[in-house]
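One letter stands for each residue in the lines below.
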Amino acid sequence: MSTFLRTIEFLCLGLWLGSDVFLSFIVAPGAFRVLGSRDAAGAMVGFALGRMHLLGVICGVVLLLARLARTRTFASFVTPVAFCVVLMIALTVASQAGVSPRMAALRVQMGSIQATAQDSPLLAEFGRLHRISVSLESGVLLAGLAALFFMVQEAGIAR
């Protein structure tokens, strides 16, 4: 049972990291290259990001529950792995609940990002929020890589 639960932990983290890398480095750049407008590409990436955030939070919670079931102690929540996963969840929720809705509201106000004047304060605010979103997603990715490192170390795989 312990091996199965550890596998669930690795699977959850792998799915989350893989989806983050795929969206950030494949889907988002591809959408802006292939789709006809920045507005359409932004809408598609925003939709995918929302789904990825949901998947990430679910994976994080399942990972923590599998960890608790495997170790049978709440002390497993005061480890570097658990800290990294909780940080990933917090950053993801901050992005999804705090930044994404504000960006969506600005998109509605502007009507079209592509047609909005470059000196528009709405566009400037959108750009600022986009930078915050990218920073939060980068933090999730870095915390996830750290969690993966610590999980491998805990499992004794690197020895």
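Note that this is a predicted model, so its numbers are computed, not measured.

### A look at the packing of helix α1 (residues 2-34) against helix α2 (residues 38-71)
Angle between the axes and distance between the axes: these two values describe a pair of packed helices. Relative to each other, α1 and α2 sit at 170°, their axes nearing to 9 Å. When the interaxial angle is binned, α1 and α2 end up roughly antiparallel. Looking at the contact of α1 with α2, its residues break down into 24 nonpolar, five polar and six charged.

### What to know about α2
Along an α-helix, residues three or four positions apart point the same way, because every turn accommodates 3.6 residues. Between its terminal C-alpha atoms α2 stretches 48 Å, which fits the 50 Å expected from 34 residues at 1.5 Å a residue. Remark: Arg72 follows α2 within two positions and exhibits a positive phi of approximately 55°.

### Some remarks on unusual backbone geometry
At Arg72, a position not held by glycine, the phi torsion is positive, near 55°. Note on placement: Arg72 falls in the loop between α2 and α3 (80-110). By relative accessible area, Arg72 is classed as exposed at 74%.

### Details of the environment of Val81
Position of Val81 among the secondary structure elements: in helix α3. If we skip the residues at most four places from it in the chain, Val81 touches Arg67, Ala147, Phe150, Met151 and Glu154.

### Some details on the environment of Cys84
Turning to its location among the elements, Cys84 is positioned in helix α3. Classification of Cys84 by relative accessible area gives buried; the value is 8%. Here Cys84 is in contact with Ala143, Ala146, Ala147 and Phe150, once residues within four sequence places are set aside.

Cut-offs and rules
- Counting from 1, residues in each chain are numbered in the order their sequence is written.
- The predicted origin of the model limits local features to residues at a pLDDT of at least 70 and limits the giving and counting of side-chain atom pairs to 80 or more, whereas totals for whole chains, interfaces and linings rest on all residues.
- Each side-chain value is worked out from all heavy atoms of the structure, with water and hydrogens disregarded.
- Interaxial angles span 0 to 180 degrees and are taken between N-to-C directions of axes, which are lines fitted to C-alpha atoms, for helices over the stretch in contact.
- Each helix corresponds to a stretch of at least 4 residues labelled H or I by DSSP, and each strand to a stretch of at least 2 residues labelled E; elements are numbered beginning at the N terminus.
- Angle categories: roughly parallel below 35 degrees, roughly antiparallel above 145, roughly perpendicular from 65 to 115, and oblique for all the rest.
- By the convention adopted, Pro, Cys, Tyr, Trp, Phe, Met, Ile, Leu, Val and Ala count as nonpolar, Lys, Arg, Asp and Glu as charged, and the other residues, Gly among them, as polar.
- Take the residue count of a helix, subtract one, and multiply by 1.5 Å to get its expected span.
- Here's how the labels work: a residue is buried when its accessible area is under 20% of the maximum for its type, exposed when over 50%, partly exposed in between, all with a 1.4 Å probe on protein chains only.
- Should any heavy atoms of two residues lie within 4.5 Å, those residues are counted as being in contact.

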